[in-house]
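Notes for the structure review
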Amino acid sequence: MLFRVSTLLQENVQYHEVLNAAGVSYSDPDFGGWMQRLQKVHDIRRHQIAVITYESDDYEEVAELFARLNKGGRRLSKGDLVYSAIAARWADGLETMDAFHQELRDGNFALDREAVLRLMSLLAGTGARHIKLIGSGVDEAALKEAWQATERALRYAIDFLREECAIPRSEILTSPNVTVMPALLLHQRDGKLLPGEAGLLRRWVYTAMAFSHYSLQVETKLDAEARLLRARHGEELFTELIRRASGSRSVDTPLHPRDLEQKYSTHAFFRLLYIAALRGKARDWATNIAISDQPMSSGAKIEFHHCWNRRPRPHGFHRSVRAPACGPWGGACRISEHTRGHQEDGGEVRVTTAGS
């Protein structure tokens, strides 16, 4: 038998009325037992829960304590704590933020909430450590202003990534944090770049993706880059940003085929090959139709293959010999359902990969 808990926990609930409404009459031999059960549920109201108040001005310490206390429950992040603080200070905050995230999803450019909050924190003047958004100095007006700037900056950044970098959707990015620095820069410039800067910013995006710039120390790197945006300008700014994104490699060190050895298709280099194919308007090898990131056929997709062509048979060999057509690391091919049929029938693939 089921009862509404909200009914049983009311102040002056009448158990016999609840039971009679459920079809249990006074004459029922189990009536007394049911009354006792309902009483036990109602007695939950008297259960005392220990409350410990902990005060600290160290936001990182607060976040660490929050995570430790919650480790037995659903995994929560610092972003969840920030969202809770925003909800407490800004009445329409969560609804406004969720609406923008839905807009991003609808546009196939959904971004991780942590990355968006880092950008919001930088625009609020509290640094990339978004846990500082819960500081007492960040009131409702400051949150509203920072979020409006965040939406504007991200729209600039997404337009740049799509139009200038040929990145049609967020899944192709190696990290959602790659959007933060372009968003900051374009916000400062009101969406306008000087001549030549689009190419430099595009190079930074590709470099940051290729060498997984934001795989470690994300907030430290974002803070440093935000300081660079304020302190340097022009080519000097982009030269330093690209140097940092290159990691331990020299900026002018060329890539070699061996750099792709032992790499899986999820590696950043292959994502850049895909972007290069889109920018270079590569075509399906069998149909000669230009590839699109939004194919008409649900069965069409991008695959990575080692590609071979036939080499003339050396004297003395009785079997055909195959040699790599595009170096020891193969290339990116457009394989549609129609094309796959040609491939399975013995067709060969020859690929020239466009550089990015």
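Quantities reported herein were computed from a predicted structural model and do not represent experimental measurements.

1. As for the overall build of the protein
Helix and strand counts for the protein stand at 14 helices and four strands. Considering the protein as a whole, with its 356 residues, one finds that 37% of them fall into the buried category. Intrachain contacts of the protein at a sequence separation of at least 6 include 66% that bridge at least 24 residues. As displayed, the protein offers around 21500 Å² of accessible surface, 49% of which is attributable to carbon and sulfur atoms.

2. Thoughts on the pattern of salt bridges
Throughout the structure, instances matching the rule amount to 15 salt bridges. For the salt bridge of Asp80 with Arg113, the shortest nitrogen-to-oxygen distance reads 2.3 Å. Of this pair, Asp80 sits in helix 5 (residues 78-89) while Arg113 sits in helix 7 (residues 113-124); the two residues are 33 residues apart in sequence, bridging distant segments of the chain. Since its relative accessible area comes to 28%, Arg113 is described here as partly exposed. Here Glu164 makes a salt bridge to Arg202, at a shortest N to O gap of 3.4 Å. Residue Glu164 is found in the loop between helix 8 (140-163) and helix 9 (180-188), and its partner Arg202 is found in helix 10 (residues 197-210); the two are separated by 38 residues along the sequence. One continuous salt-bridge network, built from bridges that share partners, spans Arg232, Glu236, Glu240, Arg243 and Arg244.

3. With respect to a negative patch on the surface
Taken together, Glu55, Asp57, Asp58 and Glu61 make up a surface patch of like negative charges. For Asp57, the position within the fold is in the loop between helix 3 (31-42) and helix 4 (59-69).

4. Here's the deal with the side chain of Ser121
With respect to the helices, strands and loops of the structure, Ser121 is situated in helix 7. The class of Ser121 is buried, set by a relative accessible area of 0%. Once you skip the residues sitting within four places of it in the chain, Ser121 turns out to touch Thr126, Gly127, Ala128, Arg129, His130 and Leu133.

5. A look at unusual backbone geometry
Among all residues save glycine, negative phi is the norm, and among peptide bonds the norm is trans. Although it is not a glycine, Lys281 sits at a positive phi angle of roughly 55°. When you line up the elements, Lys281 lands in the loop between helix 13 (268-279) and strand 1 (301-305). Judged by its relative accessible area of 63%, Lys281 is exposed.

6. Examining the packing of aromatic side chains
Under the defined criterion, the tally for this structure stands at five aromatic pairs. Here Phe3 and Trp34 contribute two aromatic rings whose centre-to-centre distance is 6.0 Å and whose plane-to-plane angle is 65°, an arrangement assigned as edge-to-face. Linking Phe3 in the segment before helix 1 (5-8) with Trp34 in helix 3, this pair joins segments that are 31 residues apart in sequence. Seen in terms of ring centroids, Phe100 and Trp147 are 5.8 Å apart; in terms of plane orientation they differ by 85°. Their pairing is edge-to-face. A residue pair is termed long-range when its members are at least 10 positions apart, and Phe100 in helix 6 (residues 93-106) and Trp147 in helix 8 qualify at 47 residues. Stacked on the ring of Trp34, the Lys or Arg Arg37 has its end atom at 5.1 Å from the ring centre. Sitting over the face of the ring of Tyr83, Arg113 holds its NZ or CZ atom 4.0 Å from the ring centroid.

7. With respect to helix 10
Compared with the 20 Å implied by 1.5 Å per residue over 14 residues, the 20 Å span of helix 10 between its first and last C-alpha is a close match. The buried count for helix 10 comes to 10 of 14 residues, which makes it a mostly enclosed element. Count one or two residues on from helix 10 and you reach Ser212, which has phi positive near 45°.

8. Some points on the confidence of the model for the protein
Low pLDDT marks stretches whose predicted atomic positions should not be read closely. Of all residues in the protein, 79% have pLDDT values of 70 or greater, and the mean over the chain is 80. Put simply, strand 3 (residues 322-324) is where the protein has its lowest mean pLDDT, 34, and helix 9 is where it has its highest, 97. The low-confidence segment residues 312-356 (pLDDT under 50) makes 97 contacts with residues lying over four places distant or belonging to another chain.

9. A word on the environment of Ile289
Position of Ile289 among the secondary structure elements: in the loop between helix 13 and strand 1. Look past the residues within four positions of Ile289 in its chain and what remains in contact with it is Ala282, Arg283 and Asp284.

10. Digging into the packing of helix 8 against helix 9
Two elements in contact, helix 8 and helix 9, have axes whose closest approach is 8 Å; the angle formed by their N-to-C orientations is 110°. What the angle tells us is that helix 8 and helix 9 run roughly perpendicular. Of the residues in helix 9, those in contact with Ala149, Arg152, Ala153, Leu154, Tyr156, Ala157 and Phe160 of helix 8 are Pro182, Ala183, Leu186 and His187. For the contact of helix 8 with helix 9, the residue count by class is nine nonpolar, one polar and one charged.

11. Section: the nonpolar core
Membership of the largest hydrophobic core comes to 70 residues, with the highest contact counts inside it found for Met120, Ile167, Trp204 and Val205. Ignoring anything within four residues of it in the chain, the contact list for Val205 reads Phe160, Leu161, Cys165, Ile167, Val178 and Pro182.

12. Observations concerning a nonpolar patch on the surface
A contiguous nonpolar surface patch, about 320 Å² in accessible area, is contributed by Tyr54, Leu65 and Leu69. Within the secondary structure layout, Leu69 lies in helix 4. On the basis of relative accessibility, which here comes to 70%, the residue Leu69 falls in the exposed class.

13. Observations regarding helix 13
Its 12 residues give helix 13 an end-to-end C-alpha distance of 17 Å, which sits within 8% of 16 Å, the value for a rise of 1.5 Å per residue. One or two residues past the end of helix 13 sits Lys281, with phi positive at roughly 55°.

Thresholds applied
Residues numbered from 1 in each chain as written. Predicted model: local features only at pLDDT ≥ 70, side-chain atom pairs only at ≥ 80, totals over all residues. Heavy atoms only, no water. Helix = DSSP H or I, 4+ residues; strand = E, 2+ residues; numbered from the N terminus. Buried < 20%, exposed > 50% of the residue type's maximum accessible area, 1.4 Å probe, protein only. Contact = heavy atoms within 4.5 Å. Areas by Shrake-Rupley, 256 points an atom, 1.4 Å probe, with all protein chains shown as cover. Salt bridge = Lys/Arg side-chain N within 4 Å of Asp/Glu carboxyl O. Patch = residues over 30% accessible without salt bridge, like charges linked within 9 Å, V, L, I, M, F, W, Y side chains within 5 Å. Lys, Arg positive; Asp, Glu negative; His and termini not counted. Charge placed at Lys NZ, Arg CZ, Asp CG, Glu CD. Phe/Tyr/Trp six-rings, centres within 6.5 Å; stacked < 30°, edge-to-face > 60°. Lys NZ or Arg CZ within 6 Å of the ring centre and 35° of its normal. Expected span 1.5 Å × (residues − 1). pLDDT = per-residue confidence, 0-100. Axes fitted to C-alpha atoms, helices over the stretch in contact; angles between N-to-C directions. Parallel < 35°, antiparallel > 145°, perpendicular 65-115°, else oblique. Nonpolar A, V, L, I, M, F, W, Y, C, P; charged D, E, K, R; others polar. Core = buried A, V, L, I, M, F, W, Y, C linked by side-chain atoms within 4.5 Å.

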